Structures are given as C-alpha cells and as structure tokens.
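Architecture at a glance
Each chain is listed here by its residues.
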Amino acid sequence: MSLEHHATLHEQLALGNTLPKANVQVPSSHLFVSLSELIAESVFYHPALVSGVENLTALEKSSLGAMLDGKPLAHHFVETLVTQIENNIEAHHDTIRVCLSAADSYAFQALLGGSLEHDEINPVMGVRGVARFASSDYSAAFAMECDVIKQLRKNHLNVEIVVPFVRTLSDAATIIDRLAEQGLPRGLNGLKVLYVCNVPSSVMVADRLLHYFDGVVLDWESLAQFTLGIDKLNESLAYLYNPDSESITQLADIAIKAAHQAKKPVLVVTQSLESYPKLQNYLLENAQAEAIFNF
C-alpha cells in the first residue's frame, strides 16, 4: 500500500500524546509511554543484565561500564527511564499510562547483551509480554520495570499500568499476581491496570479478561498483523497489509462492546493513522473508544 505523505488526521479525533514522541502531537490529557521503545532509545542494554554480566565479552563489559558511569545497573535503569518520562510530562497530562515491555527476542537481541536472548524461529509470536514477565530469565528485569512504575507513583503521578500480550485468561491471572508480588496490586491507592489486545484471542475473551483489568488497549497494527497473518515489514507481503480491513474492525467491535458493557475505557494505539481514512472514520463512529494514540 502506498502512503500519501500529505494525508492529514481528522480534526475531531481525540489524539493522546506518546513517548517516545510521535510525528503528530497535540495537547492531550493522556500520555502513553512505551517502555520497550524507551529502553531501546535511552538505556541501550538488555534489562536482564541486572542478573549478571558474566557472559558479556570484554568489549561489551567496557561499553556497559561507560554507560553506567559507576552506578549499579538497576539504579541506572530505573533512574534513566523515570527521568525520561518525567521530563516529558506536561501540565495538561493528568494520566500517564506506562506500557510494560512488548518487544520480542529479535528486538532485544539488538541491545547490548542481546546474546542473552534465546533464538526463536518466529520471534513475533514468541516469548513477549506476559510470557516474558513470568519467565525466570526475566524476573529480575521485570522487577526493575515495576520499580519504574513505583517510583513514578511515589512522585505523586497518576500512573496506570498497561500490560502487553495478554493472550489468555491464565495470562491475566498470572500478571495480576506478578504485579502484586512486586508491590503493585491492582486497586491499591487507585492503581489501574489495563491490558493490550495484540492478538485475536485477547479480543474474543475480552468480556472475561476485563474482570481482571480496568480497561483495554487495541494495538491496531499488532492486531492487524496477527489477524491477517502478515508481517508488514516483509516487503513481498506489504501490498496485502491493510489495517482498514473489515476483519480487524469486526474484532475491534467485540472488544469495544465488551468494554462498554463493563463500563471500562477503550484506547486505540495506531501508527500512521493519517494514512488510513477508513480507519479514521471507524474510530470517529465509535464514541466508546476513549482516546487515540497515534505513533
């Protein structure tokens, strides 16, 4: 699909702000933070190195030492992310939604220490989201991600947790337990936890998943790729990738209806929304969708 660079967004769409910042940023009461992207842009090393650096080469250890500048890794990781987030909070942001790491093993391998990752034949459908948070290999790193949330809340910010790749009901129970173990029980001092619909299964059982969560986020690009069975980065298949597809909007209808009945918010996270007028119209017609975050 060829994209029109001069395309624009409909003026009535309620856009949220994102971090890292999107090309389109308008004043909004919401800030949506992607920890995966912040780690790649600001931290540069694999979070699981907090468990040990024995397997790094001498050059990697030297590079890591220069990054840490004498600070313990856990301290540097949390401080870097908290500072980045706080420096991008504006007066009009009353809700900060922080999405825990959604990256796959391929993306993690690009970081310093990426050799810690196990090779996967299909990383996109591999260990990510809840499956990663629940693994023993990532447990210490998950604790650091939770420490970022706790520090932001300690600083009196209205932070909500967003959990990516909740594929099943057991995933939901697992992550709620894991967060509680880290001192972040849902409901404590008003803490809200939302989940992301990345795959069709998390849409089809949305009515039951919402018993565990305070809202749902539709990751439109991820949902489109899994629904259509197409990697949009595969140039030979790019012509088939169509986020305007009716098959995706039908899934979105299910999630929106479930959230509406549960009286819980729906958010939509999209990329290049200005290039898809049909999708804009769909979102405009669905007033139940609380906010659109355009990357």
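My aim in this report is to walk through the structure given alongside it, one point at a time. Just so it is clear, the structure is predicted and the values come from calculations on it, not from any experiment. (Residues numbered from 1 in each chain as written. Predicted model: local features only at pLDDT ≥ 70, side-chain atom pairs only at ≥ 80, totals over all residues. Heavy atoms only, no water.)

1. Notes on the side chain of Ser 34
Mapped onto the elements of the fold, Ser 34 is located in strand 2 (residues 30-34). What makes Ser 34 buried here is its relative accessible area of 11%. (Helix = DSSP H or I, 4+ residues; strand = E, 2+ residues; numbered from the N terminus. Buried < 20%, exposed > 50% of the residue type's maximum accessible area, 1.4 Å probe, protein only.)

2. Some details on the packing of aromatic side chains
Applying the stated criterion across every chain yields a total of 6 aromatic pairs. Between Phe 133 and Phe 142, the aromatic rings sit 5.1 Å apart at their centres with planes inclined by 25°, giving stacked as the arrangement. The class for Phe 133 is buried, based on a relative accessible area of 1%. Judged by relative accessible area, Phe 142 falls into the buried class, the value being 2%. In textbook terms, an aromatic cluster arises when at least three aromatic residues are bridged by ring pairs, as seen for Phe 108, Phe 133, Tyr 138 and Phe 142. Seen from the ring of Tyr 138, Arg 132 lies directly overhead, with NZ or CZ sitting 5.5 Å from the centre. (Phe/Tyr/Trp six-rings, centres within 6.5 Å; stacked < 30°, edge-to-face > 60°. Lys NZ or Arg CZ within 6 Å of the ring centre and 35° of its normal.)

3. Comments concerning unusual backbone geometry
The peptide bond linking Leu 19 to Pro 20 adopts the cis configuration, its omega dihedral lying at 0°. Take Pro 20: it is sitting in the loop between strand 1 (15-19) and strand 2. The backbone of Phe 44 shows a phi angle near 80°, a positive value even though the residue is not glycine. By the element assignment, Phe 44 lies in the loop between helix 1 (35-43) and helix 2 (58-68). We classify Phe 44 as partly exposed; its relative accessible area is 40%. We note that Asp 69 has phi near 50°; this positive angle belongs to a residue other than glycine. Position of Asp 69 among the secondary structure elements: in the loop between helix 2 and helix 3 (73-87). Residue classification places Asp 69 among the exposed residues on the basis of a relative accessible area of 63%.

4. Observations regarding the pairing of strand 4 (residues 159-163)
The buried count for strand 4 comes to 5 of 5 residues, which makes it a mostly enclosed element. Alternating positions in strand 4 separate into two faces, Val 159, Ile 161 and Val 163 on one and Glu 160 and Val 162 on the other, with burial throughout. Inspection of the sheet shows strand 3 (residues 95-99) paired to strand 4 by 4 bridges, in the parallel sense. Note that in strand 4 the partner of Val 98 across the bridge is Ile 161. (Pairing = 2+ DSSP bridges.)

5. With respect to helix 11 (residues 246-262)
Over its 17 residues, helix 11 extends 24 Å from the first C-alpha to the last, a length consistent with the 24 Å expected when each residue adds 1.5 Å. Among the residues of helix 11, Ile 248, Thr 249, Leu 251, Ala 252, Ala 255, Ile 256, Ala 258 and Ala 259 are the ones counted as buried. Lining the buried residues of helix 11 we find helix 8 (200-204), helix 9 (206-209), strand 6 (216-219), helix 10 (220-228), strand 7 (266-270) and helix 12 (277-285). One or two residues past the end of helix 11 sits Lys 263, with phi positive at roughly 60°. (Expected span 1.5 Å × (residues − 1). Contact = heavy atoms within 4.5 Å.)

6. Digging into the nonpolar core
Val 163 and Leu 218 are the most contacted members of the largest nonpolar core, which totals 78 residues. Those residues in contact with Val 163 that lie beyond four places of it in its chain are Leu 100, Val 130, Phe 133, Ile 175, Leu 179, Val 193, Leu 194, Tyr 195, Val 196 and Phe 213. Within the second largest apolar cluster, 10 residues are counted, among which are Phe 32, Val 196, Leu 267 and Val 269. (Core = buried A, V, L, I, M, F, W, Y, C linked by side-chain atoms within 4.5 Å.)

7. Regarding the pattern of salt bridges
For the coordinates displayed, the defined rule picks out 5 salt bridges. A salt bridge links Arg 132 to Glu 117, with the shortest nitrogen-to-oxygen separation between them at 2.8 Å. Here the residue Arg 132 occupies a position in helix 5 (residues 130-133), and Glu 117 occupies one in the loop between helix 4 (105-109) and helix 5, the gap between them amounting to 15 residues. Taking relative accessible area as the criterion, Arg 132 reaches 5% and is therefore assigned buried. When its relative accessible area of 13% is taken as the criterion, Glu 117 is described as buried. (Salt bridge = Lys/Arg side-chain N within 4 Å of Asp/Glu carboxyl O.)

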